[in-house]
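Survey of secondary and tertiary structure
The chain contents come next:
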Amino acid sequence: MHLSKRVEYGLRTMIHLGIARELGVESVSGSELADADRLPLKFIERILQELRTAGLVSTKRGKNGGYRLGTDPEQIRMGDLVRLIGGRMAPISCASETAYQKCTCPDEEHCGLRMLMIDVRNAVAGIMDRYSLAQVVEVTLRKMRRDGITPPLSHLGLASNANDNGKRKADPADGFLAGLSQLTSADENESS
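Quick notes on the rules
- Residues numbered from 1 in each chain as written.
- Predicted model: local features only at pLDDT ≥ 70, side-chain atom pairs only at ≥ 80, totals over all residues.
- Heavy atoms only, no water.
- Helix = DSSP H or I, 4+ residues; strand = E, 2+ residues; numbered from the N terminus.
- Buried < 20%, exposed > 50% of the residue type's maximum accessible area, 1.4 Å probe, protein only.
- Contact = heavy atoms within 4.5 Å.
- Salt bridge = Lys/Arg side-chain N within 4 Å of Asp/Glu carboxyl O.
- Core = buried A, V, L, I, M, F, W, Y, C linked by side-chain atoms within 4.5 Å.
- Axes fitted to C-alpha atoms, helices over the stretch in contact; angles between N-to-C directions.
- Parallel < 35°, antiparallel > 145°, perpendicular 65-115°, else oblique.
- Nonpolar A, V, L, I, M, F, W, Y, C, P; charged D, E, K, R; others polar.
- Pairing = 2+ DSSP bridges.
- Expected span 1.5 Å × (residues − 1).

Looking only at helices and strands, the chain features seven helices and two strands. Across the chain, helices and strands are ordered from the amino to the carboxyl terminus as α-α-α-β-β-α-α-α-α. Residue burial in the chain is summarised as follows: out of 192 residues, 41% are buried. Across the chain, every contact between residues at least 6 apart in sequence was considered, and the portion connecting residues at least 24 apart equals 66%.

Written out as structure tokens, the structure reads:
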């Protein structure tokens, strides 16, 4: 799977809006979102407008105005974001469900490469559709806190440890999935 800059920037922006929400920040200006990852403001604003039209982002006018999540981050699947912003899960277009284009292969139906890439698409889509924006934000914040990194946009709201609740932090060598499994097991232990 190859993410376009548009999809990459859109995902980063949504993660930052999720972080802002977790930190108690009511709204974030477009320039603060663009500055958080050193992204082009005009590009981010176009993506935010599209996300606003889809109901995933809302705006607040006025002195402390800006953007905020318009939907509960638990309800936002990462795969849906990729598709909405214009990405495809398949590495090649002839294996895509949403952005299919015929390839140059003379026998697409029996093409081994296409069959393999359909499986790759299904695996990528399975992971992206399994996890919510809220889960990505939680694992991101846990890893930042563990490593002593100040979360982006934290200067706009509450202290960076506002939602830590004393839960176990992820191991530095772990990626998102390992961090998520630790989060799940920590939540199960707390409910016992």
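Looking now at the side chain of Arg146. Within the secondary structure layout, Arg146 lies in helix α6 (residues 133-146). By relative accessible area, which is 19% here, Arg146 ends up buried.

This part is about the pattern of salt bridges. If you walk through the whole model with that rule in mind, you get ten salt bridges. Salt-bridge contacts for Arg12 lead to Glu8; the nearest nitrogen and oxygen are separated by 2.6 Å. Taken as a pair, Arg12 and Glu8 lie in helix α1 (residues 5-22) at a separation of four residues, close to a single helical turn. We classify Arg12 as partly exposed; its relative accessible area is 31%. Via salt bridges that share partners, Lys5, Glu8 and Arg12 belong to a single interconnected network.

Ranked by size, the top nonpolar core spans 36 residues in total, and within it Met14, Leu17, Leu51, Met78, Leu81 and Leu133 carry the most contacts. At the level of elements, α1, α2 (30-36), α3 (41-53), β2 (66-69), α4 (78-85), α5 (112-130) and α6 are the ones that each hand at least two residues to this core. Looking at this core, the element that brings in the most residues is α1, giving eight residues. Excluding anything up to four places from it in sequence, Leu51 contacts Met14, Leu56, Val57, Leu81, Leu84 and Ile85.

On to the packing of α4 against α5. Relative to each other, α4 and α5 sit at 110°, their axes nearing to 5 Å. What the angle tells us is that α4 and α5 run roughly perpendicular. On α5, the residues that touch Met78, Gly79, Asp80, Val82 and Arg83 of α4 are Ala125, Met128 and Asp129. When its residues are assigned to classes, the contact of α4 with α5 shows four nonpolar, one polar and three charged.

Side chains on a regular strand alternate between the two faces of the sheet. Sheet topology note: the strand β1 (residues 57-60)/β2 ladder contains four bridges and is antiparallel. Following the sheet pairing, Lys60 is matched in β2 by Gly66. Here β1 folds back onto β2 in antiparallel fashion, the turn holding five residues, of which Gly62 has a positive phi close to 110°.

Let us now look at α6. In this model, α6 (14 residues) spans 20 Å end to end at C-alpha, consistent with the 20 Å of a helix rising 1.5 Å per residue. Counting buried positions over the 14 residues of α6 gives eleven, a clear majority of the element. For α6, the full list of buried residues reads Leu133, Ala134, Val136, Val137, Glu138, Val139, Leu141, Arg142, Met144, Arg145 and Arg146. Gly148 sits one or two residues past α6 and shows a positive phi near 70°.

With that settled, the discussion passes to unusual backbone geometry. Phi angles above zero are rare outside glycine, and Arg38 is one such case at about 55°. Mapped onto the elements of the fold, Arg38 is located in the loop between α2 and α3. For Arg38, a relative accessible area of 79% translates into the label exposed.

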